[in-house]
Amino acid sequence: DPAIVWFRRDLRLSDQAALAAAASDGPVIPVYILDDDTPKHRKMGAASRWWLHQSLQSLDASLGAKGLRLILRRGESAAMLADIVRTTGAASIHALRHYEPWWRNAERAVREELGEDCPLELHDGNYLMPPGSVTTGQGEPYKIYTPFWRALNEHMPPPEPSRTPQKIAAPERWPDSDDLGGWDLLPTQPNWATGFAEAWTPGEAGARVKVDAFIDEATGYDASRNLPSIEGTSRLSPHLHFGEVSPSTVWHRVTGRGRDVTTFCKEIAWRDYAQNAVLQFPQYGAESYREQFADFPWRDAPEELACWQRGETGYPIVDAGMRELWATGWMHNRVRMIAASFLVKHLLIDWREGERWFWDTLVDADYGSNATNWQWVAGTGVDSNMFVRIMAPLSQSEKFDAGDYIRKWVPELADLDDPYVHDPEDHGCKPGDYPAKIIGHREARQRALDAYAEIKG
Ligand code: FAD
């Protein structure tokens, strides 16, 4: 009997334990299900959908080269899988584990629907260590990153990645499949994704190219990763999010030359940490962890939110980041921190508004990583920066030498040299259409401290 491989955020053939297990049993039916309607199943954002379209095309092509097809269905996972089981006589379903609360609900629903007749077998492989498995001496999950990293690192390196099974048998007949084009994952008019296509090649082959390119750069990572004006980071985040490459593969390729790449490995471990947080607090993307923030006087300021989203705050580093995000679906990590802090502390807008915007616009939008980082910046999270540590965007911009980055993404400022480009207003320049600061830094800082004093008292 055939076995189903239920692909989710693991759109690859190599180091794919679900595929390997299914292939060793007999014929394989690869399936991807898009669920936009189940309550509490978080709908993928627009940038992710753009990515998904290409990644599914790429996966289908790789499967095609092995004589297989990717079956596409749209709807509730358990119902769709049950239908495929009925029409194909599949005897088991294999999938990699995911920790978003809606995926765990979906797994429960599949088990209820299909029971022992067609068991759901879950495998590890999208994290360095299975989330939940790195615990304290007392068997408790870690809440804070640094001890988590130390404990995780004890188990490193991760298992060697496995190869794609050489031969995979096809079933005698294929179930019906949707047509990918009919899913309307790509933007219509206006097509906001032209810059995405220049920046990215979604899919397993594209991920491999990015890993190869980064291996040579990895030793400079410590020095360059905070500088947005250069390509000092791997840009693997969307590939890792969609599982086009496994973290174990990245780890082994990057550490393979015996160099010290600890700083980079610690960043990969942040992915694991974020999923551990989601496993402990499934609502992490929806609610502040620190209860005191339930009463925080967030401002309802839709026009200012829109200025932030459009990159028109009058703070060049923030605006450059928000425009890079809109144009490419990605933003440099240092700038994500500055832009997020600006929304939460300078504008006093609830971090969840920012989380939602990132969810819709990032190609690497990830429930766990997005929530963990937003809550960290906002000071509402489990492992937190304090709310009262307020980042000064203009000095951050100078410190991390963001001049070229600003000139690239904010054309109104393209002719300004350093140091003027970091803070044109303060230097008395009024370049063309560039907006005035939405609020002064000192004023914003004081307002944020006063707001925090309200909930502290
Ligand atoms: P590199 O520096 O090359 O790091 C390698 C990999 O490590 C990344 O691809 C990523 O998978 C992981 N990683 C690095 N830093 C982090 C981190 N702080 N948290 C979790 N994983 C990390 N990352 C996402 O993948 N999805 C998100 O939705 C997301 N939202 C964020 C929101 C905010 C407010 C902030 C401040 C950060 C967010 N990040 C998110 C983390 C980080 O900014 C990106 O992972 C990173 O910029 C991706 O670029 P890179 O692949 O070149 O990273």
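Definitions and cut-offs
Residues numbered from 1 in each chain as written. Predicted model: local features only at pLDDT ≥ 70, side-chain atom pairs only at ≥ 80, totals over all residues. Helix = DSSP H or I, 4+ residues; strand = E, 2+ residues; numbered from the N terminus. Buried ≥ 20, exposed ≤ 12 C-beta atoms within 10 Å, placed from the backbone. Contact = placed C-beta atoms within 7 Å. Core = buried A, V, L, I, M, F, W, Y, C linked by C-beta atoms within 7 Å. Axes fitted to C-alpha atoms, helices over the stretch in contact; angles between N-to-C directions. Parallel < 35°, antiparallel > 145°, perpendicular 65-115°, else oblique. Left-handed = near helix turned anticlockwise from the far one by under 90°. Nonpolar A, V, L, I, M, F, W, Y, C, P; charged D, E, K, R; others polar. Domains from an automatic or database assignment. Near = placed C-beta within 6 Å. UniProt positions renumbered as here; feature names shortened; annotations may be inferred.

With that settled, consider the overall build of the protein chain. Scanning the protein chain for helices and strands turns up 19 helices and five strands. Overall, the C-alpha framework of the protein chain stretches about 75 × 45 × 45 Å when taken along its three principal axes. The buried share among the 457 residues of the protein chain stands at 46%. A separation of at least 24 residues holds for 77% of the contacts in the protein chain among residues at least 6 apart in sequence.

A word on the nonpolar core. Grouped together as the largest cluster of nonpolar side chains are 116 residues, with contacts concentrated most on Ile-4, Val-5, Val-31, Leu-81, Ile-84 and Ile-406. With eight residues, the single largest contributor to this core is helix α11 (residues 262-280). Setting aside residues no more than four positions away along its own chain, Leu-81 makes contact with Ile-4, Trp-6, Ile-93, Val-110 and Leu-114.

Moving on: the packing of helix α7 (residues 204-215) against helix α10 (residues 247-255). Their axes nearest at 9 Å, the elements α7 and α10 cross at an angle of 30°. With respect to each other, α7 and α10 are oriented roughly parallel. Considering only the axes of α7 and α10, their crossing is right-handed. Facing α7, whose interface residues are Val-211, Phe-214 and Ile-215, α10 presents Val-250, Arg-253 and Val-254. Grouping the amino acids of the contact of α7 with α10 by side-chain chemistry returns five nonpolar, no polar and one charged.

Assigned domains within the protein chain: domain 1 (3-123), domain 2 (125-160 + 202-280) and domain 3 (291-456). Each of domain 1 and domain 2 has a C-alpha centre, and these two points are 24 Å apart. Counting from both sides, the interface comprises 19 residues of domain 1 and, opposite them, 20 residues of domain 2. With five residues, the top contributor of residues to the side of domain 1 that touches domain 2 is helix α2 (residues 46-64). Within the side of domain 1 that touches domain 2, the residues separate by chemical class into six nonpolar, seven polar and six charged.

This part is about unusual backbone geometry. The omega angle of the peptide bond from Gln-189 to Pro-190 is -10°, so this bond is cis rather than trans. Considering the arrangement of structural elements, one finds Pro-190 in the loop between α5 (145-154) and α6 (194-199). Of note, the amide linkage connecting Asp-418 to Pro-419 takes the cis form, showing an omega dihedral of 0°. Its place among the elements puts Pro-419 in the loop between α18 (403-409) and α19 (441-456).

Once that is clear, we can look at the site of the ligand. Residues in contact with the ligand amount to 27 residues; listed here are only the nearest, Thr-233, Ser-234, Ser-237, Asn-370 and Asn-373. Looking at the shell around the ligand, its residues break down into 12 nonpolar, eight polar and seven charged. Counting only domains with at least three residues in the shell around the ligand, you end up with domain 2 (125-160 + 202-280) and domain 3 (291-456).

It is worth spelling out the environment of Asn-226 at this point. For Asn-226, the location among the structural elements is in the loop between α8 (221-224) and α9 (237-241). In this structure the C-alpha to C-alpha distance between Asn-226 and Glu-353, which are 127 residues apart in sequence, comes to 25 Å. In this structure, Asn-226 is in contact with Arg-334 and Phe-400, ignoring residues within four places of it in sequence.

Looking now at the packing of helix α3 (residues 77-88) against helix α4 (residues 101-114). Running from N to C, α3 and α4 point in directions that differ by 40°, and their axes come no closer than 8 Å. It follows from the interaxial angle that α3 and α4 lie oblique. Crossing of α3 over α4 shows right-handed handedness. Along its contact with α3, which presents Ser-77, Ala-78, Leu-81, Ala-82 and Val-85, the element α4 presents Ala-106, Ala-109, Val-110, Glu-113 and Leu-114. Partitioned by chemical class, the residues of the contact of α3 with α4 number eight nonpolar, one polar and one charged.

This brings us to the UniProt feature "domain: Photolyase/cryptochrome alpha/beta" (unreviewed entry) in the protein chain. According to UniProt, the "domain: Photolyase/cryptochrome alpha/beta" (unreviewed entry) feature falls on residues 1-128. Between the first and last C-alpha atoms of residues 1-128 the distance is 32 Å; the span itself is 42% helix and 20% strand.

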